[in-house]
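Residues per chain, in single letters:
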Amino acid sequence: MAAPCVSCGRALSARLSLTVRASLARRPGHWKPSAVDWQMGAGSQLLKLIHTTAVTTKKNVPASRHEVYTEDFIKKQIEEFNIGKRHLANMMGEDPETFTQEDIDRAIAYLFPSGLFEKRARPIMKHPDQIFPKQRAIQWGKDGRPFHFLFYTGKPSYYSLMHVSMLHLYLIGSRWLIKEELEEMLVENLSDQDYMQFIRLLEKLSTLQCGPAEEEFVQRFRRGVAIQSKKQLIEPVQYDERGMAFSTSEGRRKSATAKAVVYEHGSGEISVNGMGYLHYFPVLQDRCEQLMFPFHFLDRLGKHDVTCTVCGGGRSAQAGAIRLAVAKALCSFITEDEVEWMRQAGLLTSDPRVRERKKPGQEGARRKFTWKKR
Amino acid sequence: MAPARTALPRLLCAGVRSARRWPGFLRKATPGPAGPSGRMLTGAPNPARSEPQDDHDLQRKILDLPLKHSDFFNVKELFSVKSLFEARVHLGHKAGCRHRFMEPYIFGSRLDQDIIDLEQTASHLQLALNFTAHVAYRKGIILFVSRNRQFMHLIENTAQNCGEYAHTRYFKGGLLTNAQLLFGPEVRLPDLIIFLHTLNNVFEPHVAVRDAAKMNIPTVGIVDTNCNPCLITYPIPGNDDSPPAVHLYCRLFCTTINRAKEKRRQMEILYQLPSVKRAEDSGTRRSS
């Protein structure tokens, strides 16, 4: 290895051999120097060192990112660490039994002062478990039988976690029997305490790891829970000073917001911002399709009075906002079936459409500039 | 019996740690260059150096005795044709799904649905259970393989109950053929693979069937009318889709394996093996 150095000048050889050896010692194992080329600069004593290395990667070897450290090696390292710790304690004049990691760090910093800026490059003395990366222990016994029953899947820990999680799969989407259902099942009268004890016992059983027979047993006492869709919020009915029943709600469309007060008994008058609806919405489309539609849908055209305030938006947006507010307010005076019909008709859904922004490079939101061929 | 002969030498090697010369007739039966020696364990010390001859004879007695009976573990009593019928094992798929090689096992077809011949099923099941019992008796590694998500959990539980292994997950490419690279140089491959569902989730034959045949691992498999029974050593024609049928199979395999292991323990105690003796000396006294 140091052979090429002999041919150079003696003064340089020692220093260069050190650097070569240091660079060789940096990466043990894989690095095999095939040639160390030397270039003689024209007429000068300086030599340019060119390393041409053939890094031979081992083929047909399990692709491991870390070095494989055997258990014996790690054990030896731990023994050496412990002995070294005691020596260090003796050196510092402290008690070896109560020498903690912080004391070790302080001792090393004292004995080997380093001016390096990179903290990780300074000398350290830590327990081998913190230095050498964690390795998987050998997963089979002396007779060759693996320890874990899912060993042959390749990822035993992950799949055992999946296996255990499946135990609780049947618990999702179901509820325990209620007391009445249990009484019906057993044809006996139960007290609340009896029922609570039983449920507690079943809960405990379901948390334990049990086989399929136990699962079946527990499932007998669970009933499916139908997933309920988002319930329609119904406004509460309020009463004003004259004893008239009314309900209020809000509605939005584009940038218009409306607040509507719907009275239960009335003659079909609609006043918007203090004005009559005929004045405020001269266009027929707004009046018929938006304002009157909720009443028309429920066949209650002349039966309710509406007072509403609206601001923002344009003509059509305000009409739409009022429609939504009126429909929501009407929910408190009608049956649940009718509420469901209104929901299906789309009267209770706020329109999410808003104005799309104009983009740069285009004339509008979608319209592009005129394309000219030449 | 030929398939049993090919598998036995490897299993005998796995149990006994000495390099024995096998008698000629057994040697001839082993297929190809990747014979029993490939599966032998290395680096494990001999149990008793003081009396090797006695040890040999005892091991021989324990391992040879079951082979003299045709049904040493009495697996016939675990099921009957009636119990198979009640578990709906005879129901196959529609005639359009039928695989050509399953035709010998099909009794007939009723309203376009194939019915499997339960007499044949019973005899195949008896052979398969007997073989499983022998493998378990010789402390072989048994791997349950299935890719049916409905019974995944049940099969993993069955494997846990018998103390054997299961693989009901995504089957990685070279698991059996490239095991040295994936697990380590000294890994021990399964000695028997039991397929409760031969097809995977896309209705193609499971890769493990072909790989086990490549690695000379005997297989036991429940083959339905749409499956290919060719590469499976001990096919069991039967239904693999109904829950009662799969529950029955799991119960049967679990019982046979536990029975065989129990028998092995009893035989070892009976013949007073040195390893057992040492364990007893250090532990409790043996009750005669």
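Not measured: the values here are computed from a predicted model. (Residues numbered from 1 in each chain as written. Chains lettered and ligands numbered in written order. Predicted model: local features only at pLDDT ≥ 70, side-chain atom pairs only at ≥ 80, totals over all residues. Heavy atoms only, no water.)

Participant: Just checking my understanding: could you explain the overall build of chain A for this structure?
Facilitator: When helices and strands are tallied, chain A shows 13 helices and 10 strands. Across chain A, the fraction of contacts at a sequence separation of at least 24, relative to all contacts at a separation of at least 6, is 55%. Working note: accessible area of chain A is about 26,900 Å², and carbon and sulfur atoms make up 56% of it. (Helix = DSSP H or I, 4+ residues; strand = E, 2+ residues; numbered from the N terminus. Contact = heavy atoms within 4.5 Å. Areas by Shrake-Rupley, 256 points an atom, 1.4 Å probe, with all protein chains shown as cover.)

Participant: Where do I start with the interface of chain B and chain A in this structure?
Facilitator: Where the parts come together, the accessible area they lose is often given as the size of the interface. Taken residue by residue, the interface counts 28 residues in chain B and 23 residues in chain A. The largest contributions to the chain B side of the interface with chain A come from His153, Tyr165 and Arg169 of chain B, which together make up 28% of the buried area. Viewed at the interface, chain A and chain B are joined by one salt bridge. With a closest N to O distance of 3.0 Å, Arg145 of chain A and Glu164 of chain B form a salt bridge. Connecting chain B to chain A are 11 residue pairs in polar contact (both at pLDDT 80 or more). When contributions to the side of chain B that touches chain A are tallied by element, the ones reaching two or more residues are helix 6 (152-162) and strand 5 (165-167) of chain B. Ranked by residues supplied to the side of chain B that touches chain A, first place goes to helix 6 of chain B with six residues. A class-by-class count of the residues in the side of chain B that touches chain A yields 14 nonpolar, six polar and eight charged. (Buried area = accessible area lost by both parts, 1.4 Å probe. Salt bridge = Lys/Arg side-chain N within 4 Å of Asp/Glu carboxyl O. Polar contact = N/O pair within 3.5 Å; in protein donor to acceptor, adjacent residues only side chain to side chain. Nonpolar A, V, L, I, M, F, W, Y, C, P; charged D, E, K, R; others polar.)

Participant: Would you explain the sheet that holds strand 8 (residues 234-237) of chain B in this entry?
Facilitator: Residues and elements named next belong to chain B. Pairing in this open sheet of five strands is parallel, and the strands run 5-4-6-7-8 from one edge to the other. Across the chains shown, the open sheet's two edge strands, defined by having one partner strand only, are strand 5 and strand 8. Shown here is a sheet whose adjacent strand axes are inclined to one another by a mean of 20°, direction ignored. By the bridge criterion, four bridges tie strand 7 (residues 219-223) to strand 8 in an arrangement that is parallel. Each residue of the ladder has a partner; that of Gly221, found in strand 8, is Pro235. (Pairing = 2+ DSSP bridges. Axes fitted to C-alpha atoms, helices over the stretch in contact; angles between N-to-C directions.)

Participant: Would you mind going over the pairing of strand 7 (residues 256-263) of chain A with me for this structure?
Facilitator: Regular strands show a simple pattern: their side chains alternate between the two faces of the sheet. All names here are of chain A. With eight bridges connecting them, strand 6 (residues 245-253) and strand 7 associate as antiparallel partners. Looking at strand 7, one finds that Arg253 is bridged to Ala256. The loop that links strand 6 with its antiparallel partner strand 7 comprises two residues; one of these, Lys254, has a positive phi angle of about 55°. Pairing of strand 7 with strand 10 (residues 305-311), which is carried by seven bridges, proceeds in the antiparallel orientation. Considered in strand 10, the bridge of Tyr263 is made with Asp305.

Participant: What is the right way to look at the packing of helix 11 (residues 284-298) of chain A against helix 12 (residues 315-330) of chain A in this model?
Facilitator: Between two packed helices, the angle of one axis relative to the other and the distance separating the axes together describe the packing. Residues and elements named next belong to chain A. Orientation of helix 11 relative to helix 12, taken along the N-to-C sense of each, is 10°, at an axis distance of 9 Å. As judged from the angle between their axes, helix 11 and helix 12 are roughly parallel. Where helix 11 abuts helix 12, its residues Gln285, Asp286, Glu289, Gln290, Leu291, Phe293, Pro294, Phe295 and Leu298 lie against Arg315, Ser316, Ala319, Gly320, Ile322, Arg323, Val326, Ala327 and Leu330. Classifying every residue of the contact of helix 11 with helix 12 by side-chain character gives 10 nonpolar, four polar and four charged. (Parallel < 35°, antiparallel > 145°, perpendicular 65-115°, else oblique.)

Participant: Explain the packing of aromatic side chains to me, please; I cannot follow it from the model alone.
Facilitator: Aromatic ring pairs are reported here in terms of the distance separating the ring centres and the angle at which the planes meet. Residues and elements named next belong to chain A. Applying the stated rule across the entire model yields 19 aromatic pairs over all chains. Taking 6.0 Å as the distance between ring centres and 65° as the angle between the ring planes, the aromatic pair formed by Phe293 and Phe297 counts as edge-to-face. Of this pair, Phe293 and Phe297 both sit in helix 11, four residues apart, which is roughly one turn of that helix. You can call Phe293 partly exposed: its relative accessible area is 26%. Take Phe297: its relative accessible area is 32%, and that puts it in the partly exposed class. (Phe/Tyr/Trp six-rings, centres within 6.5 Å; stacked < 30°, edge-to-face > 60°. Buried < 20%, exposed > 50% of the residue type's maximum accessible area, 1.4 Å probe, protein only.)

Participant: When you look at the confidence of the model for chain B in this model, what are you seeing that I'm missing?
Facilitator: Do not read the predicted coordinates in detail wherever pLDDT is low. Residues and elements named next belong to chain B. Per-residue confidence for chain B averages 83 on the pLDDT scale, and 76% of its residues sit at or above 70. Below pLDDT 50 for its whole length, residues 1-9 participates in 17 contacts with residues either more than four positions away or in separate chains. Note that pLDDT drops below 50 for residues 12-45; the model gives that stretch 42 contacts with residues more than four away or on any other chain. Taken over the whole predicted complex, pTM reads 0.53, whereas the ipTM for its chain interfaces reads 0.75. (pLDDT = per-residue confidence, 0-100.)

Participant: Even after reading the chapter, I still don't get the nonpolar core, so can you show me in this structure?
Facilitator: What tends to happen in soluble globular proteins is that the nonpolar side chains get buried as a cluster. Counting 44 residues, the largest nonpolar core has Leu84, Val89, Ile142, Phe144, Val220 and Phe253 of chain B as its most contacted members. Elements with a contribution of two residues or more to this core: helix 5 (118-137), strand 4 (142-145), helix 6, strand 6 (192-195), strand 7, strand 8 and helix 9 (243-271) of chain B. Of the residues forming this core, the biggest block, 11 residues, is contributed by helix 9 of chain B. Dropping the residues within four chain positions of it, Val89 of chain B is found in contact with Leu84, Ile116, Leu118, Thr121, Gly238, Asn239, Ala245, Leu248 and Tyr249 of chain B. Core analysis: the second largest hydrophobic core is formed by 29 residues, Ile270, Val272, Phe295 and Val326 of chain A among them. (Core = buried A, V, L, I, M, F, W, Y, C linked by side-chain atoms within 4.5 Å.)

Participant: Would you mind showing me how to read the sheet that holds strand 3 (residues 113-116) of chain B here?
Facilitator: Strand pairing in a sheet relies on backbone hydrogen bonds, with the paired strands running either antiparallel or parallel. All names here are of chain B. The three strands are arranged 1-3-2 in an open sheet whose pairing can be described as antiparallel. At either end of the open sheet lies a strand with only one pairing partner, and these are strand 1 (91-94) and strand 2 (106-110). Geometrically, the sheet is characterised by an average inter-axis angle of 30° between neighbouring strands, direction not taken into account. Pairing of strand 1 with strand 3, which is carried by two bridges, proceeds in the antiparallel orientation.

Participant: What is the right way to read the pattern of salt bridges from this model?
Facilitator: Side-chain pairing between opposite charges can occur once the charged atoms of the two side chains come close. Residues and elements named next belong to chain A. Across all of its chains, the model carries 27 salt bridges over all chains by this definition. The shortest N-O distance in the salt bridge between Glu340 and Arg343 comes to 2.7 Å. Here the residue Glu340 and the residue Arg343 both occupy positions in helix 13 (residues 336-345), the gap between them amounting to three residues, near one helical turn. Owing to a relative accessible area of 38%, Arg343 belongs among the partly exposed residues under this scheme.

Participant: In this structure, what is going on with the side chain of His167 of chain B? I would like to understand it.
Facilitator: Among the secondary structure elements, His167 of chain B is positioned in strand 5. At 3.4 Å, the side chain of His167 of chain B and the backbone nitrogen of Thr153 of chain A are in polar contact. Leave out the neighbours within four places in its chain, and His167 of chain B touches Tyr152 and Thr153 of chain A together with Leu143, Phe144, Val145, Ser146 and Leu175 of chain B.

Participant: What am I meant to see in the environment of Ala89 of chain A here?
Facilitator: Residue and element names in this part refer to chain A. Tracing the chain through its elements places Ala89 in helix 3 (residues 71-92). Judged by relative accessible area, which is 0%, Ala89 ranks as buried. Residues contacting Ala89, with those up to four places away along its chain left out, are Glu94, Asp95, Pro96 and Phe99.

Participant: Any chance you could explain a nonpolar patch on the surface here in plain terms?
Facilitator: Side chains of Met91, Tyr110, Leu111 and Phe112 of chain A sit close together on the surface and give an oily, nonpolar patch of about 480 Å² of accessible area. By the element assignment, Met91 of chain A lies in helix 3. (Patch = residues over 30% accessible without salt bridge, like charges linked within 9 Å, V, L, I, M, F, W, Y side chains within 5 Å.)

Participant: Would you explain helix 8 (residues 192-207) of chain A in this entry?
Facilitator: The α-helix advances 3.6 residues per turn, and as a result positions three or four apart in sequence lie on the same side. All names here are of chain A. For helix 8, with 16 residues, the first-to-last C-alpha span of 23 Å sits near the 22 Å given by 1.5 Å per residue. Turning to helix 8, its buried residues are Tyr195, Ile199, Leu202 and Ser206. On an axial view of helix 8, the arc spanned by its buried residues comes to 65°, and they lie on one face. Turned more than 90 degrees away from the buried face of helix 8 sit Gln193, Arg200, Leu201, Lys204 and Thr207, all of them exposed. On its buried face, helix 8 sits against strand 3 (174-176), helix 7 (179-186) and helix 9 (212-219). (Expected span 1.5 Å × (residues − 1). Arc of directions from axis to C-beta.)

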